[in-house]
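One-letter residues, chain by chain:
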Amino acid sequence: MINPGEFRHKTTININTGTQQNDYGDIVVSATTASDRFARVKWLPGTEQENEGILNLIKNVEFTYRYETITDEIDLIDSITYDSENYYIRSVEFKGMGNQQLVIIKAHTAKN
């Protein structure tokens with residue numbers, strides 16, 4: 001059971017609209033729609049990643065939203081901005097049903 005007061009962290013959901021290139025098949029982001037929503041934030045254990053000889057800390061976080069039209073549009077090419085940091089979506093899970101449905105998103109700070 002989640003209390004309504006837990007949805008107190010202001011986040012921005014960045015929904016990307018992409019098109020697939022004809023030549024190589026890569027997806028290119030053509031537009032981004034930003035929507036502010038309140039979420040429950042749960043920090044997950046972090047990891048480390050070496051990039052060009054520099055060791056970086058990767059922050060892992062779980063965002064929980066109430067289900068609505070905007071959360072139904074979230075995909076793995078989208079991102080969430082929280083506390084001035086961009087988080088890339090790793091997984092999206094829908095739980096519950098009716099007016100108690102939740103969307104659980106696991107995200108991290110570095111791109112794969």
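See the structure shown above.
Computed from a predicted structure; not experimentally measured.

### Some thoughts on the environment of R90
No. 1: Structurally, R90 can be placed in strand β5 (residues 85-95).
No. 2: In this structure the C-alpha to C-alpha distance between R90 and T69, which are 21 residues apart in sequence, comes to 20 Å.
No. 3: Leaving out residues up to four positions away in the same chain, R90 has contacts with L44, N60, L76, K106, A107 and H108.

### Quick word on the nonpolar core
No. 1: Core analysis: the biggest nonpolar cluster contains 16 residues, and V61, F63, Y65, I74, I80, Y87 and I105 have the highest contact counts within it.
No. 2: Among the elements of the structure, β1 (9-20), β2 (27-51), β3 (54-66), β4 (79-82), β5 and β6 (102-108) are those that each provide at least two residues to this core.
No. 3: If we ignore the near neighbours within four places in the chain, the residues touching I80 are T11, T12, N14, F63, Y65, E85, N86, Y87, I89 and I105.

### Digging into the pairing of β1
No. 1: Where β1 and β2 come together, 12 bridges link them in antiparallel fashion. If you follow K10 over to β2, its bridge partner there is F38.
No. 2: Pairing between β1 and β4: four bridges, direction antiparallel. Looking at the pairing, N14 lines up with S79 of β4.

### Quick notes on the sheet that holds β2
No. 1: On the basis of which strands lie adjacent, the closed barrel formed by six strands has the order β1-β2-β3-β6-β5-β4 and antiparallel pairing. In this sheet, neighbouring strand axes are inclined to one another by 40° on average, regardless of whether the strands run parallel or antiparallel.

### Some details on the packing of aromatic side chains
No. 1: Taken as a whole and assessed by the stated rule, the structure comprises six aromatic pairs.
No. 2: Here F63 and Y82 contribute two aromatic rings whose centre-to-centre distance is 6.0 Å and whose plane-to-plane angle is 75°, an arrangement assigned as edge-to-face. Of this pair, F63 sits in strand β3 while Y82 is found in strand β4, placing the two residues 19 residues apart along the sequence.
No. 3: Residue class for F63 comes out buried when judged on its relative accessible area of 0%.

### Considering the pattern of salt bridges
No. 1: Tallying each qualifying case throughout the model produces six salt bridges.
No. 2: Across the pair E62 and R40 runs a salt bridge whose closest N-O atoms are separated by 3.8 Å. Pair noted here: E62 is in strand β3 and R40 is in strand β2, with a separation of 22 residues, a long-range link. Assigned by exposure class, E62 and R40 land together as buried.

### A word on unusual backbone geometry
No. 1: A positive phi angle, near 55°, is found at D83, a position not held by glycine.
No. 2: Mapping D83 onto the fold places it in the loop between β4 and β5.
No. 3: In this structure, S84 is a non-glycine residue whose phi angle is positive, near 65°.
No. 4: Checked against the element boundaries, S84 lands in the loop between β4 and β5.

Reading the values: the criteria
Residues numbered from 1 in each chain as written. Predicted model: local features only at pLDDT ≥ 70, side-chain atom pairs only at ≥ 80, totals over all residues. Heavy atoms only, no water. Helix = DSSP H or I, 4+ residues; strand = E, 2+ residues; numbered from the N terminus. Contact = heavy atoms within 4.5 Å. Core = buried A, V, L, I, M, F, W, Y, C linked by side-chain atoms within 4.5 Å. Buried < 20%, exposed > 50% of the residue type's maximum accessible area, 1.4 Å probe, protein only. Pairing = 2+ DSSP bridges. Axes fitted to C-alpha atoms, helices over the stretch in contact; angles between N-to-C directions. Phe/Tyr/Trp six-rings, centres within 6.5 Å; stacked < 30°, edge-to-face > 60°. Salt bridge = Lys/Arg side-chain N within 4 Å of Asp/Glu carboxyl O.

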